[in-house]
Amino acid sequence: MRVLVTGGAGFIGSHLVDALLARGDTVTVVDDLSTGRDARLAAGTDLRRESITDTTALTVLARQVRPGLICHLAAQADVRMSVADVAGDTGVNILGTVSVLEAARAAGARVVFASTGGALYGAIDAMPSPEDARPEPAAPYGAAKYCAEQYLGLYNRLYGTAHAVLRLGNVYGPRQDPAGEAGVVSIFCGSVLAGRRPTVFGDGKQTRDYVYVGDVVDAFLRAADHGGAGVWNIGTGVSATILELLEAIGRTSGQAVQPVFEAARLGELQHSALDVTRAGRDLGWTARTALAEGITKVYRWIEDREPVRGGP
């Protein structure tokens, strides 16, 4: 299969590119490298430095490459940034997705879209949250992702396409920047290894559904092979608190982790867990990596100071 991966030089995207290439697919990566790194990609990977917000350039590229599938991972993924710059978040996550859909239409490609789970559902009573729960996003990021999902559904109705949505939990794993603004597992592991006290915003009792990047890549491959439209939660179905996360990192590091507490941040969700029953039924998918195992992989990857291509 010919596959175009937007955001393919990113944390999740680069792992997906590796998996697609490993199974024999022909892959083209689109990434503006604003947050992606070309060093995450294997030598010789077809990388096109373009922004998904440039509809014309993206459509021309899609017509040239003629992918059968577009895995759309390019995004503005920082919740705090979405609060600070709503228009910028909208431009990338909504208008950028429409550009991808137009490019896919021009090439006759199917789209598998990386959406969000917790940030989309918001503070709802249903926990773990099923796909048919009414979204109540608490930040522009979640609202934009939900709006983008609606465009995928609209294109399916208008044009008879079979675009699909994966609502991801809190994805973590190697290649996630420990000095970045997002990715609390890598950030905390990096702080501990540097001898710093991790910063916790709020009381640390907020929960997330942490899912390992290798399991997320498996979900993308299964959704690609499924071939049909659908919306699937991709998580573990189990939530962990920030304090529990720190305890697990402490066990891996062999030292007690003493965080610094600061005020909670605007727009951040308190609790999140995803109901993954539908993904198991439709895709035969389930998360296989336990949190403790995944944390150890992240910690050792940072500890070994491997290059950004250090694998899971």
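To be clear, the structure that these remarks concern was listed above.
Residues numbered from 1 in each chain as written. Predicted model: local features only at pLDDT ≥ 70, side-chain atom pairs only at ≥ 80, totals over all residues. Heavy atoms only, no water.

Asker: Got a minute to help me understand a nonpolar patch on the surface in this structure?
Answerer: The grouping of Tyr151, Leu154, Leu158 and Tyr159 at the surface amounts to a nonpolar patch, some 350 Å² of accessible area in total. As for its position among the elements, Tyr151 is in helix 6 (residues 140-159). (Patch = residues over 30% accessible without salt bridge, like charges linked within 9 Å, V, L, I, M, F, W, Y side chains within 5 Å. Areas by Shrake-Rupley, 256 points an atom, 1.4 Å probe, with all protein chains shown as cover. Salt bridge = Lys/Arg side-chain N within 4 Å of Asp/Glu carboxyl O. Helix = DSSP H or I, 4+ residues; strand = E, 2+ residues; numbered from the N terminus.)

Asker: What is the right way to look at the packing of aromatic side chains in this model?
Answerer: The description of an aromatic ring pair uses the distance of the two centres, along with the angle that the planes make with each other. Within the structure shown, the criterion is met by two aromatic pairs. Consider the rings of Tyr172 and Tyr212, whose centres lie 5.6 Å apart with planes at 70 degrees: the pair is edge-to-face. Pair noted here: Tyr172 is in strand 7 (residues 170-172) and Tyr212 is in strand 10 (residues 210-212), with a separation of 40 residues, a long-range link. The burial state of Tyr172 is the same as that of Tyr212; both residues are buried. One Lys or Arg, Arg105, reaches over the ring of Tyr159 and ends 4.5 Å from the middle of that ring. The residue whose ring lies beneath Arg265 is Phe201, and the NZ or CZ to ring-centre distance is 3.7 Å. (Phe/Tyr/Trp six-rings, centres within 6.5 Å; stacked < 30°, edge-to-face > 60°. Buried < 20%, exposed > 50% of the residue type's maximum accessible area, 1.4 Å probe, protein only. Lys NZ or Arg CZ within 6 Å of the ring centre and 35° of its normal.)

Asker: Looking at this model, I keep getting lost on the pairing of strand 4 (residues 69-72). Mind explaining?
Answerer: Both faces of the sheet carry side chains from a regular strand, because those side chains alternate between them. Residues Leu69 and Cys71 line one face of strand 4 and the alternating positions Ile70 and His72 line the opposite face, and both faces are buried. Sheet analysis places strand 4 next to strand 5 (residues 110-116), joined by four bridges and oriented parallel. Looking at the pairing, Cys71 lines up with Val112 of strand 5. (Pairing = 2+ DSSP bridges.)

Asker: Can you walk me through the nonpolar core in this structure?
Answerer: Within soluble globular proteins, side chains that are nonpolar generally end up buried alongside one another. Residues Val5, Leu16, Leu166, Phe220, Ile234 and Ile249 are the most contacted members of the largest nonpolar core, which totals 56 residues. The element that contributes the greatest number of residues to this core is helix 8 (residues 213-226), accounting for eight residues. Residues in contact with Phe220, not counting those within four places in the same chain, are Leu16, Cys71, Leu73, Val112, Ala114 and Leu166. Core analysis: the next-biggest nonpolar cluster, separate from the first, contains 22 residues, Val30, Ala103, Ala109 and Ala148 among them. (Core = buried A, V, L, I, M, F, W, Y, C linked by side-chain atoms within 4.5 Å. Contact = heavy atoms within 4.5 Å.)

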